[in-house]
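Listed below are the residues making up each chain.
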Amino acid sequence: MPGRLLRLVCTAALAAGIVLAPVPAAAEPAPDATGDRTVADLLTDLQRLYREAEKATETYNGTEERLKKQRAEVRRLDAELARARLSLHDSRGAAGRLARQQYQSSSGLSPYLRLLLARDPQHAIDQGHVIGRLARERVETVGRLSGAEKKAEGLARRSREALARQTALAETQEKDRDDVRERLGAVEKMLASLTPEQLAALAELESSGVAEEQERFLASGALGDDAKPSAEGDRAVRFAVEQLGKPYEWGAEGPASYDCSGLTSVAWERAGTPIPRTSQEQWARLDHVALDELRPGDLVVYFPEATHVAMYLGDGMVVQAPRPGADVKVSPIAANPVLGAVRPDPGGEPVPRYTPPRLPAAATDGSDEGYAAAGPVR
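Residues numbered from 1 in each chain as written. Predicted model: local features only at pLDDT ≥ 70, side-chain atom pairs only at ≥ 80, totals over all residues. Heavy atoms only, no water.

### Quick word on the sheet that holds strand β4 (residues 317-320)
1) Next: Within the open sheet, the six strands sit side by side as β1-β6-β2-β3-β4-β5. Their pairing is antiparallel. Lying at the two open borders of the sheet, with one neighbouring strand each, are β1 (287-289) and β5 (329-332). Neighbour-to-neighbour, the strand axes of this sheet turn through a mean angle of 40°, independent of strand direction.
2) Next: The pairing of β1 with strand β6 (residues 338-343) spans three bridges and is classified as antiparallel. In the strand pairing of β6, Val289 is matched with Ala341.
3) Next: Strands β3 (308-314) and β4 of the sheet are contacted by helix α6 (residues 231-242), whose axis makes an angle of about 110° with β3. (Pairing = 2+ DSSP bridges. Helix = DSSP H or I, 4+ residues; strand = E, 2+ residues; numbered from the N terminus. Axes fitted to C-alpha atoms, helices over the stretch in contact; angles between N-to-C directions. Contact = heavy atoms within 4.5 Å.)

Okay, structure coming up:
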């Protein structure tokens, strides 16, 4: 869907004063303008399309990370192979020089016979030592040459295999990229089909659903009293808050735009603790922490397949890059179905005193900007 058409839809959405949040609605559904489908049906379909797009984005991000590592491995092997070939060249040169020396000094007689026939026995003994040394050098040189040849052959094979894996990953990445674009195209197509009245009805239905989900989540006792963050967690939170208002863009890691795991991974990298790039890897590889033990800086992971992630701010709120068409914002922790939480720095000591970062007033109301209200799906 061309960006111009989507911007027309976005303009209509803004005119309707849309406030939407990406959670299943709990309010009573109402018929849409056509009378054929309920607003709840439309909301469900849009949220499904966004989840599919985000899942495809995280798959793309994972492939991109593997491709980066594979490219680095190819470069490392190529450099090591170049050194091995230079060593092999030197070994062959040494073997050639030794062969010439032996040929020039060889008399065709054994050292023992030369000793018996020599007029100067001491000279013959000295010469025998030289011959012995040359023999040892020959053995060592041949050994080095053989080892260098084997190493070069092995590195050449590993380099070819690494390059083949890189090529396969590049092809997979291209397919993943096309999948993301296809999913986002489906979102744009559906957004373009909605009227301002439908978008406004979606806004009303979903915003009430968010409030109910958050109230239910907090009433369940899932959250305890917020613990103080570590020094690293404090830095990660403050960096994430500084990104408020920047647009979501799939595959982006800043500084102008982010996707969900791009924001969390860069924030923790800036804090001095590198973490995995994707939400799935963050969920799989970082230490899990109970929700009632959350502290600012912890990561809250969403959906059964861990396809979305946000950073906990405290007081039941998170900062996140929510979805295409929206900006980095503060949201209720229950704005999506919570899978669990992870802590990038489980050994980090809590700071003795903690002052939460100051948030812009517009970022603390718990609302979302609405579907594509911030502009074209990126």
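### Remarks on the confidence of the model for the protein
1) Next: Looking at the protein as a whole, the pLDDT averages 76, with 69% of positions reaching at least 70.
2) Next: This model gives residues 1-35 a pLDDT under 50, and the stretch forms 88 contacts once residues within four places in sequence are excluded.
3) Next: In this model, residues 371-375 is a region of pLDDT below 50 whose contacts with residues beyond four sequence positions or in other chains number 23 contacts. (pLDDT = per-residue confidence, 0-100.)

### A closer look at the pattern of salt bridges
1) Next: For the coordinates displayed, the defined rule picks out eleven salt bridges.
2) Next: A salt bridge links Arg277 to Glu253; its shortest N-O distance comes to 3.3 Å. Taken as a pair, Arg277 in the loop between α7 (260-270) and α8 (279-285) and Glu253 in the loop between α6 and α7 lie far apart in primary sequence, 24 residues in all.
3) Next: We classify Arg277 as buried; its relative accessible area is 6%.
4) Next: The network of salt bridges with shared partners includes Glu65, Lys68, Glu253, Asp259 and Arg277. (Salt bridge = Lys/Arg side-chain N within 4 Å of Asp/Glu carboxyl O. Buried < 20%, exposed > 50% of the residue type's maximum accessible area, 1.4 Å probe, protein only.)

### Some remarks on the nonpolar core
Soluble globular proteins: nonpolar side chains tend toward being buried together.
1) Next: One finds Tyr258, Trp268, Leu299, Met311, Val319 and Val328 to be the most contacted residues of the largest nonpolar core, which totals 36 residues.
2) Next: Going through the elements one at a time, α2 (39-105), α4 (121-193), α6, α7, β2 (299-302), β3 and β4 are the ones with two or more residues in this core.
3) Next: Apart from the residues within four sequence positions on either side, Leu299 is in contact with Thr264, Trp268, Ile275, Gln282, Leu286, Val309, Ala310, Met311, Gly340, Ala341, Val342 and Pro344.
4) Next: Listed in part, the 14 residues of the second largest apolar core include Val39, Leu191, Leu199 and Leu202. (Core = buried A, V, L, I, M, F, W, Y, C linked by side-chain atoms within 4.5 Å.)

### Focus: a positive patch on the surface
1) Next: A cluster of basic residues, Arg85, Arg157, Arg158 and Arg160, forms a positive patch at the surface.
2) Next: Among the elements that line the positive patch, the one with the most residues is α4, at three residues.
3) Next: Within the fold, Arg157 resides in helix α4.
4) Next: Residue classification places Arg157 among the partly exposed residues on the basis of a relative accessible area of 44%. (Patch = residues over 30% accessible without salt bridge, like charges linked within 9 Å, V, L, I, M, F, W, Y side chains within 5 Å. Areas by Shrake-Rupley, 256 points an atom, 1.4 Å probe, with all protein chains shown as cover. Lys, Arg positive; Asp, Glu negative; His and termini not counted. Charge placed at Lys NZ, Arg CZ, Asp CG, Glu CD.)

### Things to note about unusual backbone geometry
Leave glycine aside and you will find that most residues have negative phi; peptide bonds, for their part, are mostly trans.
1) Next: The peptide bond linking Gly254 to Pro255 adopts the cis configuration, its omega dihedral lying at 0°.
2) Next: Among the structural elements, Pro255 can be located in the loop between α6 and α7.
3) Next: The backbone phi angle of Phe303 is positive, close to 70°, even though this residue is not glycine.
4) Next: Mapped onto the secondary structure, Phe303 falls in the loop between β2 and β3.
5) Next: A residue is classified by how much of its surface remains accessible, and Phe303, at 11% relative accessible area, is buried.

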